[in-house]
Amino acid sequence: MINGFFAVYLREILILKRKIKRQILSMSISPLLYLIAFGYAMGNKVVVHGHSYIEFLIPGLVAMSSMTYSFGISSEINIARFYWQIFDEFQASPISDVAYVLGEVAAAITRAFLGIFIILFLGYIFGVHLNYLNLYFFGGILLNSFVFASIAVALAMLVKSHADQAFLSSFVITPMAFLGGTFFPVDRLPGWAQIFIKLLPITHAARVIRKSAFGEIPNLNSYLILFVLGIIFFGLAIKTVAMARD
Amino acid sequence: MDKKTVIKIKGLKKQYGSKPALNGVNLEVFKGELFAYLGPNGAGKSTTIRILTGLTKKTAGDVWLDGYHIETHPKQAKSQFGLVPQSINLDMELSVRENLDIHGRLYGLGSKHRKMRIEQVLRYVDMEEEINTLVKRLSGGMKRRIMIARALIHSPSILFLDEPTVGLDAKIRRRLWALIKKIQEQGTTIFLTTHYIEEAEFLAHRVAFLDKGSIITIDSPENLIQGVGNWALDFLEDGTLKTIYFEKRKQAKEYILTHTGSFSLRRVNLEDAFLRLTGKKMQ
Ligand SMILES: Nc1ncnc2c1ncn2[C@@H]1O[C@H](COP(=O)(O)OP(=O)(O)OP(=O)(O)O)[C@@H](O)[C@H]1O
Ligand SMILES: [Mg+2]
């Protein structure tokens, strides 16, 4: 079990390492643009919940990125599966489905953390000094990445082609990226929209990550919700590995 | 060769949707044997290997590898074999060593054992100098040899080779044949698919002819050829190539003398046996 898990994880990390410069560069682009656009353009004129907009934005970006980067493992899996057919290597080997899913999920979380460190670093350079060094902050990132990495693996196993994958992610990821309280406070939306949005994992992640970055103690129920969702999707992901055999 | 069965396939069927790909395949492969699964494009060769190796779900039937049923004991069954799939599936961006190392880990080999086996198998396929080369920089023939090396890392007792020489030139193909023969001679049971007649004829102890998902016959290449005759005489009649078979060369010569046309006399090969049994050409 542990060998299989590590083999899958190691492969993803070696591939990431091969293209690390490009990866860091591409992970820097959008936070840089956000910081320039919203940091300079809005400056200190816009205040949200007693913080400058850029201070409000950075934790939101962290929450969103922990989602998008960990979800990004689905396209890595797809390329390995449909293009290189390396997935066959795993399917033909005596590793368990749990080991496979765990390896991919761990790799997804690793990518998410890489992307987030880049955001925090860039934010720091732009003068955003928040309260990052606490378990609430990292716990929120970890759980959110876990949820979306598991969703990503499950979807990657269920799709029949790479094109399907792109189609699905525009349904899962794009709406959440905009609605989950990453760019604006959810409490300004109408009541019905708030109810819907509170059902999304990203809303809970954005909330706990932002609160903890502002030095407050977040609502622990949000962690519980993320944890339960993560376990459910992780279980689904394990079930879907067998379905990937045609 | 003792007669211990290491691959047993019983009533194996596969449907893709409503389209049948295998219609009840039965066969046994014995320990140490080199078994060739010969058939034209789309016969169901890869489908059979993919089911045996757990990549595709079967519709019906049973498969045992070294006594382990592939569904009730998948882990044990999967530990028995190495697989070289039809298309190259190495990690192009990783080095030869990294590719082999990941494979070794998948099969639970410890770090010392892995290091030793990587060196051994690379020496075996004569590629120890390429250990640190990125796979994308290797030639097609070299990639094939690395695929074989990778499949051997965990010292499997069965090796599945799905069209191992497809797309390679004649010289490199012969080199791979020598390697495959060497692997078999050291005791590994080999199940090989091919649509190259010479490949099966040169390598195999026994051959199964597969056509449209059904096995037509299973026998040694010698017996299959014997069944047809010894000499084949090709000639053109009304614009199509015809072939007649003879036991003795003298009989063929006599035929040429008593008929007009342009003839070409050659030894009978497996292609003739396939043509005789299925009424169609392999390639
Ligand atoms: N994933 C799939 N979905 C639908 N049909 C398939 C699939 N894979 C194979 N087939 C069909 O099943 C039949 C057998 O295919 P298979 O790949 O096993 O043939 P093969 O003998 O390996 O041929 P080749 O020499 O071309 O490799 C073919 O008709 C093929 O079109
Ligand atoms: Mg094939």
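Because the structure is predicted, anything quoted here is derived from the model rather than measured.

1. Focus: the sheet that holds strand 11 (residues 231-237) of chain B
All names here are of chain B.
Then comes step 1: What the three strands build is an open sheet, ordered 12-11-13; its pairing is antiparallel. A single partner strand is all that each edge strand has here, and the edge strands are strand 12 (240-246) and strand 13 (263-267). Direction aside, the axes of adjacent strands within the sheet are offset by 25° on average.
Then comes step 2: One ladder, built from five bridges, connects strand 11 with strand 13; its direction is antiparallel. Looking at strand 13, one finds that F235 is bridged to F263.
Then comes step 3: Contacts from helix 10 (residues 270-278) reach strand 11, strand 12 and strand 13, with the element oriented near 105° to strand 12.

2. With respect to the interface of chain A and chain B
Then comes step 1: If you look at the interface, chain A gives 25 residues, while chain B gives 32 residues.
Then comes step 2: Carbon and sulfur atoms supply 56% of the area that chain A and chain B bury against each other, a total of about 2600 Å² over both sides.
Then comes step 3: Broken down residue by residue, the surface that chain A buries against chain B is led by E89(A), P94(A) and D246(A), which jointly contribute 25%.
Then comes step 4: Linking chain A to chain B there are four salt bridges.
Then comes step 5: When the shortest N-O distance is used, the salt bridge between D88(A) and R50(B) registers 3.2 Å.

3. A look at the site of ligand 1
Then comes step 1: Residues in contact with ligand 1 amount to 15 residues; listed here are only the nearest, K19(B), G42(B), K45(B), S46(B) and T47(B).
Then comes step 2: Looking at what sits near ligand 1, you find residues from chains A and B.
Then comes step 3: E163(B) has a polar side-chain atom sitting 3.1 Å from an oxygen atom of ligand 1.
Then comes step 4: Against a free-state accessible area of 640 Å², the protein chains account for coverage of 65% of ligand 1.

4. Comments concerning the confidence of the model for chain A
Then comes step 1: Put simply, chain A has an average pLDDT of 91, and 99% of its residues get 70 or more.
Then comes step 2: Mean pLDDT across the secondary structure elements of chain A bottoms out at strand 1 (residues 47-48) of chain A, with 80, and peaks at helix 6 (residues 97-125) of chain A, with 97.

5. Considerations on the coordination of the magnesium ion (ligand 2)
Residues and elements named next belong to chain B.
Then comes step 1: In the first shell of the magnesium ion (ligand 2), the protein supplies S46 (OG) and Q86 (OE1), at 1.9 to 2.1 Å from the metal. Residue S46 is located in helix 1 (residues 45-52), and its partner Q86 is located in the loop between strand 6 (81-84) and helix 3 (96-106); the two are separated by 40 residues in the primary sequence.
Then comes step 2: Looking at Q86, the relative accessible area reads 32%, which means it is partly exposed.

6. Some words on the pattern of salt bridges
Then comes step 1: As enumerated under the stated definition, the model contains 22 salt bridges over all chains in all.
Then comes step 2: For E71(B), the salt bridge identified is with K58(B), shortest N-O distance 2.9 Å. Here E71(B) is found in the loop between strand 5 (68-69) and helix 2 (74-79), whereas its partner K58(B) is found in the loop between helix 1 and strand 4 (60-65), with 13 residues between them in sequence.
Then comes step 3: Residue classification places E71(B) among the partly exposed positions, given a relative accessible area of 48%.
Then comes step 4: Residues E93(B) and K136(B) are paired through a salt bridge, measuring 3.1 Å at the closest nitrogen-oxygen approach. Here the residue E93(B) occupies a position in the loop between strand 6 and helix 3, and K136(B) occupies one in the loop between helix 4 (111-124) and helix 5 (140-152), the gap between them amounting to 43 residues.
Then comes step 5: The network of salt bridges with common partners includes R11(A), E12(A) and D91(B).

7. Re unusual backbone geometry
Trans peptide bonds make up most of the peptide bonds, and negative phi angles are found at most residues other than glycine.
All names here are of chain B.
Then comes step 1: Although it is not a glycine, E163 sits at a positive phi angle of roughly 45°.
Then comes step 2: For E163, the position within the fold is in the loop between strand 7 (158-162) and helix 6 (170-185).
Then comes step 3: Residue class for E163 comes out buried when judged on its relative accessible area of 3%.
Then comes step 4: Of note, the phi angle at K212 is positive, near 50°, even though the residue is not glycine.

Procedures and definitions
Residues numbered from 1 in each chain as written. Chains lettered and ligands numbered in written order. Predicted model: local features only at pLDDT ≥ 70, side-chain atom pairs only at ≥ 80, totals over all residues. Heavy atoms only, no water. Pairing = 2+ DSSP bridges. Helix = DSSP H or I, 4+ residues; strand = E, 2+ residues; numbered from the N terminus. Axes fitted to C-alpha atoms, helices over the stretch in contact; angles between N-to-C directions. Contact = heavy atoms within 4.5 Å. Buried area = accessible area lost by both parts, 1.4 Å probe. Salt bridge = Lys/Arg side-chain N within 4 Å of Asp/Glu carboxyl O. Near = heavy atom within 4 Å. Polar contact = N/O pair within 3.5 Å; in protein donor to acceptor, adjacent residues only side chain to side chain. Areas by Shrake-Rupley, 256 points an atom, 1.4 Å probe, with all protein chains shown as cover. pLDDT = per-residue confidence, 0-100. Donors = N, O, S within 2.8 Å, 3.2 Å for Na, K, Ca; no water. Buried < 20%, exposed > 50% of the residue type's maximum accessible area, 1.4 Å probe, protein only.

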